[in-house]
Amino acid sequence: PELIDTMRPEYRAVRLDELLSNRSGVVSSTSAIPGYDDYFFDERPIQEQRQKFVEKALSIPSDSIRGTFKYNNVGYTLAGAMLERASGLSWETLLKTRLFNPLGMVGTGFGAPDTQGVLAQPVGHSIESSAWLPVDPAVEAVADNPAVLGPAGGVHLTLNDIGTYLRLHLQGLRGEYTAGVLNQTSLDKLYVSEDGLPYAMGWSVGEQLVFHDGSNTIWLAMMVVNAEKNTALFVVTNAADEEAGLQSAPRQAITALLTAMGERAEAAFQN
C-alpha cells in the first residue's frame, strides 16, 4: 500500500491469481528493471532486495495486456514479495517450512547447486560459438538467475526430491489430498484455467494432465503428470541454449526422451 502513489495506475487492481497465472499485465522483462544486473552481486537481506525490486517493477509501464497470457518471471517475484509481506518470512523460509520439510525433500536448496565448489553435482553449461562451456557456481555469479528472482524458479532439487514433488501433484490430480501440505481445494486451483486457455497457475493443462518446462538458460527441465495413466515423468539436463528456442539440441533431446518415456510408461500401465 505504501507504493500506491508511485506504482503505475494500471497495476493497482492486479490480483494474486493473475500474477500466478501469467495474466497480470505487469512488466515482464527483467532487463527492463533498472539496475537488474546488480542483483547478481547484491548482498542485502533477500526480503529487502525483493522489496526494492517490487518498487522498481511497479513503476515501469506494462509490456503486455492484463488478462492476456504472457509468461512473466517478474510477476512471480512480485507474488513472492507479497507472501513475504503477509507472513513476515522470506519466500525461501516459507518453501522450506510449508513444502520441503513436510514432504521430506531433504536435498533441496536455492540457486545453483554445489556452490561450495566440490563438484558433487553436474554444473550448468552455456554455449558459445557452438561449444558447451561449464559454468562453475563456486566462482561465477551468473551460474543461476539472481536470488531476488527466486519465486520465479530459483530452486535446485535432487532427482528423488523432484519425484517426491511430482508425486504430490499426481495425487492431487487424482483427488488424493496430501496431508500437511495443501488441501484439495488449493491443489485443484493450480490445475484449472478460469478462461479456458491451456495454462493455469504454473502448469500447462490438458485433459487429466499437467505439463511444465523451465530453464535458467544453463539447465533445462521438462515434466508431465498424467492422472489418467497414473504417471509422473521428468527429464532434466545441465545445458539449455534457450536462444535457439524450440530448435535447441537439449530441448529436442529432452522432448524425445520424454515422449519415449511416456510410451514405455503407457505400455507398462496397460500391462
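This text goes with the structure placed above it.
Described below are features of the structure shown in this document. (Residues numbered from 1 in each chain as written. Predicted model: local features only at pLDDT ≥ 70, side-chain atom pairs only at ≥ 80, totals over all residues. Heavy atoms only, no water.)

## Topic: the pattern of salt bridges
Put simply, the test is: Any Lys or Arg side-chain nitrogen located within 4 Å of an Asp or Glu carboxyl oxygen qualifies as a salt bridge. Numbering of helices and strands runs from the N terminus, with a helix taken as a DSSP run of H or I at least four residues long and a strand as a DSSP run of E at least two residues long. Three labels apply to residues, based on accessible area from a 1.4 Å probe with only protein chains included: buried if under 20% of the type maximum, exposed if over 50%, partly exposed otherwise in between.
Under the definition given, this model contains 14 salt bridges. Here Arg50 makes a salt bridge to Glu84, at a shortest N to O gap of 2.6 Å. Taken together, the residues span a long stretch of sequence, with Arg50 in helix α2 (residues 46-57) and Glu84 in helix α3 (residues 73-87) at a distance of 34 residues. What makes Glu84 buried here is its relative accessible area of 5%. As a salt-bridge pair, Arg174 and Glu176 come within 3.5 Å of each other at their nearest N and O atoms. One salt-bridge network, held together by shared partners, links Arg15, Asp17, Glu18 and Arg66.

## Focus on the packing of α2 against α3
Filter applied, for reference: Angles run from 0 to 180 degrees between N-to-C directions of axes, and those axes are lines fitted to C-alpha atoms, restricted for helices to the stretch in contact. Angles are sorted into four bins: roughly parallel if under 35 degrees, roughly antiparallel if over 145, roughly perpendicular if 65 to 115, and oblique for all others. The handedness criterion is simple: a crossing whose near helix is rotated anticlockwise from the far helix by less than a right angle is left-handed, and one whose near helix is rotated clockwise is right-handed. Residue contacts are counted whenever heavy atoms from the two residues lie within 4.5 Å of one another.
Between α2 and α3, the shortest axis-to-axis distance is 10 Å and the interhelical angle comes to 125°. In this view, α2 runs oblique relative to α3, as classed from their interaxial angle. The two elements α2 and α3 cross, and the hand of that crossing is left-handed. Contact with α2, carried on its side by Gln47, Arg50, Gln51, Phe53, Val54 and Ala57, involves Val74, Thr77, Leu78, Ala81, Glu84 and Arg85 of α3 and no other residues of that element.

## A look at the packing of aromatic side chains
Counted only if it meets this: Stacked, tilted and edge-to-face are the three classes applied to pairs of Phe, Tyr and Trp rings, where Trp contributes its six-membered ring and a pair requires centres within 6.5 Å; stacked means planes under 30 degrees apart, edge-to-face means over 60, and tilted covers the rest.
One pass over the structure, following the stated rule, counts five aromatic pairs. Measuring from ring centre to ring centre gives 6.0 Å for Tyr36 and Phe40, while their planes differ by 75°; the resulting arrangement is edge-to-face. A ring pair is formed by Tyr39 and Phe53, whose centres lie 5.8 Å apart and whose planes are at 70°; its orientation type is edge-to-face. Taken as a pair, Tyr39 in the loop between α1 (16-20) and α2 and Phe53 in helix α2 lie far apart in primary sequence, 14 residues in all. Judged by its relative accessible area of 3%, Tyr39 falls in the buried class. Judged by relative accessible area, which is 0%, Phe53 ranks as buried. Through successive ring pairs, a cluster of aromatic residues spans Trp91, Phe100 and Phe110.

## Structural notes on the sheet that holds strand β6 (residues 209-215)
Put simply, the rule reads: Pairing between two strands is assigned when DSSP locates at least 2 bridges connecting them.
The strand order across the open sheet formed by four strands is β5-β6-β7-β8, and the pairing between neighbours is antiparallel. Of all the strands in the sheet, the pair left with one neighbour each is β5 (204-206) and β8 (231-237). Between one strand and the next, the sheet's axes are offset by a mean angle of 10°, whatever the strand orientation. Across three bridges, the pairing between β5 and β6 is antiparallel. Bridge pairing in β6 places Gly206 opposite Leu209.

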